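Here is what each chain is made of, one letter per residue.
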Amino acid sequence: MDVVSTSRRDGDHRPERPPGTLRIGQIAGVDVLVRASWFIVAALIAIMLAPRINLVAPGLGGLVYVAGVAFAILLYLSVLLHEISHALMAKSFGFEVRSVTLHFLGGVTEIEGESDTAWREFWISVVGPITSLAVAAAAWGVALVTPPGLLLFAFEALAYANLVVGVLNLLPGLPLDGGHVLRALVWGVTGNALRATVVAAWGGRVLAVLALSYPYLISAVWGQRATLYDYAIALIIAFFLWTAASASLATVKVRRKLPSLQARGLARRAVSVPEDLPLAEAVRRAREEHAGGIVVLDRRDGSPSGVVEEAAVAATPQERQPWVSVGSLARHLDEGNTLQVGLAGEDLVRAMQDSPAPAYVLIEPDGSVYGVLDATDVDRAFAEA
Ligand SMILES: [Zn+2]
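Quick caveat, the model's predicted, so the values are computed rather than measured.

A. The overall build of the chain, seen in detail. Helix and strand content of the chain: 14 helices and twelve strands. Taken over the C-alpha trace, the chain has a radius of gyration of 29 Å; the compact-globule value for 385 residues is 21 Å, which it surpasses by more than 25%. Based on the C-alpha atoms only, the size of the chain along its principal axes is roughly 95 × 40 × 40 Å. Within the chain, buried positions represent 44% of all 385 residues. Total accessible area on the chain is roughly 19900 Å²; 63% of this is exposed by carbon and sulfur atoms. Of note, the chain has its 30 positive side-chain charges centred 5 Å away from the centre of its 36 negative side-chain charges.

B. Fine view of unusual backbone geometry. The amide bond that connects leucine 174 to the next residue, proline 175, takes the cis arrangement and shows omega of 10°. With respect to the element layout, proline 175 can be found in the loop between helix H4 (150-169) and helix H5 (177-190). In the Ramachandran plot, histidine 290 falls in the positive-phi region, its phi being about 50° despite a non-glycine side chain. For histidine 290, the location among the structural elements is in the loop between helix H10 (279-288) and strand E7 (293-297).

C. Broad picture of the pairing of strand E12 (residues 369-374). Direction of pairing for strand E11 (residues 359-363) relative to E12: antiparallel, over a ladder of five bridges. Each bridged residue has a counterpart across the sheet, and for leucine 362 the counterpart in E12 is glycine 371. Counting the residues between successive antiparallel strands, the hairpin from E11 to E12 contains five residues, one of them, glycine 367, with a positive phi of roughly 95°.

D. View of the packing of helix H3 (residues 118-144) against H4. In contact at an axis separation of 8 Å, H3 and H4 are set at 160° when each is read in the N-to-C sense. On the basis of the axis angle, H3 is roughly antiparallel to H4. The hand of the H3/H4 crossing is left-handed. Contact residues: H3 offers Pro129, Ser132, Leu133, Val135, Ala136, Ala139, Trp140, Val142 and Ala143, while H4 offers Leu152, Phe155, Glu156, Leu158, Ala159, Asn162, Leu163, Val165, Gly166, Val167 and Asn169. Of the residues contributing to the contact of H3 with H4, the split by class is 15 nonpolar, four polar and one charged.

E. Here's a closer look at a nonpolar patch on the surface. Together, Val69, Ile73, Leu74 and Leu77 give the surface a local cluster of nonpolar side chains, amounting to about 300 Å² of exposed area. Here leucine 77 lies in helix H2 (residues 63-92).

Thresholds applied
- Residues numbered from 1 in each chain as written.
- Predicted model: local features only at pLDDT ≥ 70, side-chain atom pairs only at ≥ 80, totals over all residues.
- Heavy atoms only, no water.
- Helix = DSSP H or I, 4+ residues; strand = E, 2+ residues; numbered from the N terminus.
- Rg over C-alpha atoms; globule rule 2.2 N^0.38 Å.
- Buried < 20%, exposed > 50% of the residue type's maximum accessible area, 1.4 Å probe, protein only.
- Areas by Shrake-Rupley, 256 points an atom, 1.4 Å probe, with all protein chains shown as cover.
- Lys, Arg positive; Asp, Glu negative; His and termini not counted.
- Charge placed at Lys NZ, Arg CZ, Asp CG, Glu CD.
- Pairing = 2+ DSSP bridges.
- Axes fitted to C-alpha atoms, helices over the stretch in contact; angles between N-to-C directions.
- Parallel < 35°, antiparallel > 145°, perpendicular 65-115°, else oblique.
- Left-handed = near helix turned anticlockwise from the far one by under 90°.
- Contact = heavy atoms within 4.5 Å.
- Nonpolar A, V, L, I, M, F, W, Y, C, P; charged D, E, K, R; others polar.
- Patch = residues over 30% accessible without salt bridge, like charges linked within 9 Å, V, L, I, M, F, W, Y side chains within 5 Å.
- Salt bridge = Lys/Arg side-chain N within 4 Å of Asp/Glu carboxyl O.

This is the structure in structure tokens:
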């Protein structure tokens, strides 16, 4: 019963509910989702367990599969407990938790944003495996006082499965909980969150290679013949670990590039003009000052109210430009389209994501216009960084 659980904390914006996902309810304000792939695994568990159930409870006939499915549900309820413990710990630190999803390899908790301290990361991660180990202990305790039969088998299997889930998830490599724990520890000791991610992600890659060698270990250490099932599981887990660890390494690359993005350095010089000025005159002034942008000022208070985009200028025939006011061509600035020129790195990217626009007006702390920030310039700078 190989079940892994991961907690995504990358804060990226994925759709609320991916296709093939069923919402089964809500716990403490967190959506509980089930992937369609889970049903296949529930059926597989039922089929795999059927011979064992036949041994402990003979004469069930076709009901062995019902018992098998019931056990699969029980198992995933314990995985759900594991995930909910992550969710509740994250919520207690004030994080938004979007959903808990059960899928064929276990579960995933979607937490909005990243842990801001190593300490929080540690607790949000470690509580999951602790919960699984606690469930294992409780199930084992109940098994001790349960008479032989189907129920005893169920409690013993539940204890064993949760022990495996708890221990496996403590392995020190991303995306496993143990990887987050390792990341929190390295982060806490070195004070460098990015380096901590690199260490934990490489831990994940090492685990992926170890997972791949698991069928060989079976034959070499235990002297048993590895089955096709062992190879398949090893391959799936290795692939899962390797891709997720690699994705973590990729985010580090992005993070390292981010600080080089400075709004001030990427700004295009802009001329500020009143909104009733003819376009032809505004274009002439912009050329004269070698400016790459035209900012339109509000007639009443002189604050930036719009940006004239190059495309809009190009789309206006030359002979009409003296007769059109810049104000009529300008794209109105929404709230959030005016940014402080001192913004850089993640703050800059977040500000742009919060109010997407093709161009932003950059202002000095005193409110004067510094220039125009074109979104394509930021994209290009990031690609070249
Ligand atoms: Zn977990």
